[in-house]
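# What the coordinates show
As a plain string of letters, each chain reads:
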Amino acid sequence: MKSTKIFVAAVALCALCSTALANTTSYWSQAGVAQFYKGKFTGTALTDTGLITLGVKMEQTFSTPEPNLWAAAYDNKGDLWAGSGNKAILYKIRAGKSEAEEAAILPGSGISSIAVDRNNNVYAAVFPGGSIYVVRPGARAAVFAQIPASFVWDMKFAPSGDLYCVTGMPAAAYRINSSGIFKNLYTSSTERHFLSMFMDGDKFIYTGTSPNGLVLRVNIEAAEKGYAPPSVSASPRMTTPRPSSDGAERTDEFEPEPSMPASPDVAADFAGAAVERAPDPRVSVLIDMVEDEAYRLLPWKDGSFLIAANSEQSPQASAQQRRPGRVEPLSFMLPPKAPQTGQQPMVNPARIYLADPSGQSRVVLEIPDPFILSMLPAGGDRVLIGSGNDGRFYNLDMKKETATLQELQASQILAIVGEGPKLRFVTGNPGAVFAPTGTKNEQGEFLSSVNDASTPAVYGNLDAVAFTPKGAALEFKTRTGNTPDPMDGTWSEWSTSEGRWPFKISSPPGRYIQYGATLLPTTDGQSPELREVKVFYLTANQPPRISAINVTPAPQSRRPTAPPSRTGAVATPPQMPVASTAASSGPAPASAAAAAAAAQQRAAIAPASTETNLIVGSIAASNDISVRWSASDPDQDSLRYSLQFRSLPDGQWTVLEKEYLETEYRWSTESVPDGRYEVKVTASDIESNTAERVLSHEAITDPFIIDHTRPTIIISELKKDGALYRVSGSATDNFSAISSIEYSVNDLKWRMVFPKDGLLDSMREEFSFSFEAPGGDGPHTLIVRARDFVGNTGSVSKSFK
């Protein structure tokens, strides 16, 4: 069977309903459990089929100045006993009366557990300190037992009449006889708290733990026989290995309180930490949960039981990284309810598991609330579940695995006790007792979550799908603002309530909107049923944006290339012999001395470091230029582009394309004169908007050069000087820097030449070089060529003898 997951997929569903594919009319839709649960229910309820109806009327039968009523139990006469905090006051609320008496004011900060025996004696555990008091009929409270622990979290009577309890700090299980004499049955060294328990006759104790979220089964018979652990020499410390956020192992540890004698179980655990030991016959781990706390256990049918599991809510927490320093359980000392805001923090969902005695378990309910705090069988296949921190209780149908929810005017439902007319919800913040009346509320309200339209929006109609019996009423109101918190004082007032739909929303434009629904029943108690709400809106159009634009090839955007490695010999580009600016003997030096001299001369003009100096290489010439850009639109509008170009410095813009839909444009520049140019791209959302709403954004490329002209080379001097010929001249280009100069003699084997200043960085470069006289009588041919940065190549030849 599929578990009931109120939490899962809610965010995705809401986002899907409210997302617009373009800047046109959009709508925000709420329907079903997954979306309605994020609202606030006051006198209303959410059914398992996703309907909002009037809820059962809840009457507050008792309240106390104390913020919390942590525990409650009925005695054999039907009187309700409740224990409070921050003062440990034990209240007795007599059957059929709303008045209560302070049966005992006990020394402590609160009462964590209450139990009643067959003789109507009431036992109350006080924290901190582990004291258990008993109030016998007609007598004052007296100390019954002093358990060596900081907290006694739960107490249950066995069929034998003995009282069993589980504790925190340390996590332990005890049996207490009628005289108050206790026996330690088991103490854990890895857990801080045993939080709740139930008993399988006199055979087993089942308990849930914190902070590792274990469910343990304690064998009472084995525990009564005792356990002889290996002896240890050192006084033990209670430690828990934990992975830290940096991956290193961290150890959580705490010292037992002075009043807590070190348990032999602790010694056993630590003696076994270094060497493997036999399993402890007293205890077995049934379930190791993903969550951090098995906070409540409830016996169910056929030996199965329910587990209420809660998780750490810290943003850094995970199942593998639990907060090590916390003393109290995660679900303890809960805060008062905070005012509702538009931004609700994400929470780790609380879950109900159904488990069998073998430890097999599965999720039957997952809710968006951070804590499940109480459970009670409600007859048949139903279970009541109390949560925090929105005061919600769920009515779970175990057979159908569906749940309804309703809210109380409190933050936490700390205990649920009784049945039928004695059913009571015991709460925190405020400390109060609520009773269902069995009738529907005369009025109820539902306050939606806040919708974010992403930008300020103009609102149209609110429409609904609902059933309204004749004589009943369903009314809507709205309010808007430009902050996510409707309580910050900047939002609009609530609009006038409207009882017919669809209706035009009268709230002013705003980025955020919230609606409220008021439900009024018929005279005979029939409730309206709200199934779906839609809010239509149109956001302000947002302009598109061009985030990047470039032109290739673009000389000024070209990155210099790293020089070839130099190892003392000549650095030679692939397939290109190098000539020095001083001397060369053709393809290779004539002697070792000449090679050394050539290398020295080349080193004189070479960069000093290949890491900090770069030399310029060449790029291919092309008559085509590719303009590429990246563009986006916040409204996901379809975009149309126009392209223009102009020459610099003062040319007029000329249209290349008026209506273009791609983000790359290939431009043939053959008919464009040489010069420096730039291209402007304009993105428009006209494809998705009317003329009066169209917005655009433009971007201009960096300047680039269009150069179709070859460099001009002049050989100003060619003369013989002994065994050498000396050459000088210049290479000039009108628009681009010279990128290379080369020469050949009597063949097409090109030798590189550096300009006189050693750098190829200007449109005019003077050069001077020499070469050995070629053999033979001649005539001989010298060819000098130069290439500009765009790739245009010019050459000149000269004959000599």
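Our subject in this report is the structure included herewith. (Residues numbered from 1 in each chain as written. Predicted model: local features only at pLDDT ≥ 70, side-chain atom pairs only at ≥ 80, totals over all residues. Heavy atoms only, no water.)

## Digging into the packing of aromatic side chains
One pass over the structure, following the stated rule, counts 31 aromatic pairs. Judged by centre distance (5.0 Å) and plane angle (50°), the rings of F41 and F446 are tilted. Of this pair, F41 sits in strand 3 (residues 40-42) while F446 sits in strand 36 (residues 444-447), and the two are 405 residues apart along the sequence. Among the residues examined, F41 registers a relative accessible area of 0% and is labelled buried. (Phe/Tyr/Trp six-rings, centres within 6.5 Å; stacked < 30°, edge-to-face > 60°. Helix = DSSP H or I, 4+ residues; strand = E, 2+ residues; numbered from the N terminus. Buried < 20%, exposed > 50% of the residue type's maximum accessible area, 1.4 Å probe, protein only.)

## So, the pattern of salt bridges
Counting across every chain of the model gives 28 salt bridges. Between D79 and R94 there is a salt bridge, with the nearest N and O atoms lying 3.9 Å from each other. Of this pair, D79 sits in the loop between strand 7 (68-74) and strand 8 (80-85) while R94 is found in the loop between strand 9 (88-93) and strand 10 (100-106), placing the two residues 15 residues apart along the sequence. Across the salt bridge formed by R764 and E766, the nearest N and O atoms sit 3.5 Å from each other. Here R764 falls in the partly exposed class, since its relative accessible area comes to 46%. It is possible to trace a salt-bridge network through shared partners that takes in D79, K92, R94 and E101. (Salt bridge = Lys/Arg side-chain N within 4 Å of Asp/Glu carboxyl O.)

## Re the sheet that holds strand 42 (residues 545-552)
Taken in spatial order, the three strands of this open sheet run 42-43-46, and their pairing is antiparallel. Edge strands, defined here as strands with exactly one partner in the open sheet, are strand 42 and strand 46 (664-668). Averaged over all neighbouring strand pairs, the angle between strand axes comes to 15°, with direction disregarded. Summarising the sheet, strand 42 and strand 43 (residues 624-632) pair through seven bridges and their orientation is antiparallel. Note that in strand 43 the partner of A548 across the bridge is S630. (Pairing = 2+ DSSP bridges. Axes fitted to C-alpha atoms, helices over the stretch in contact; angles between N-to-C directions.)

## Topic: the pairing of strand 16 (residues 163-168)
Most of strand 16 is tucked away, with six of its six residues classed as buried. Across the two faces of strand 16 the burial is the same, with L163, C165 and T167 and Y164, V166 and G168 all buried. The pairing of strand 15 (residues 151-157) with strand 16 spans six bridges and is classified as antiparallel. Its bridge partner lying in strand 16, D154 is registered against V166. Here strand 15 folds back onto strand 16 in antiparallel fashion, the turn holding five residues, of which G161 has a positive phi close to 100°. Strand direction decides the pairing type here: strand 16 and strand 17 (residues 172-176), joined by five bridges, are antiparallel.

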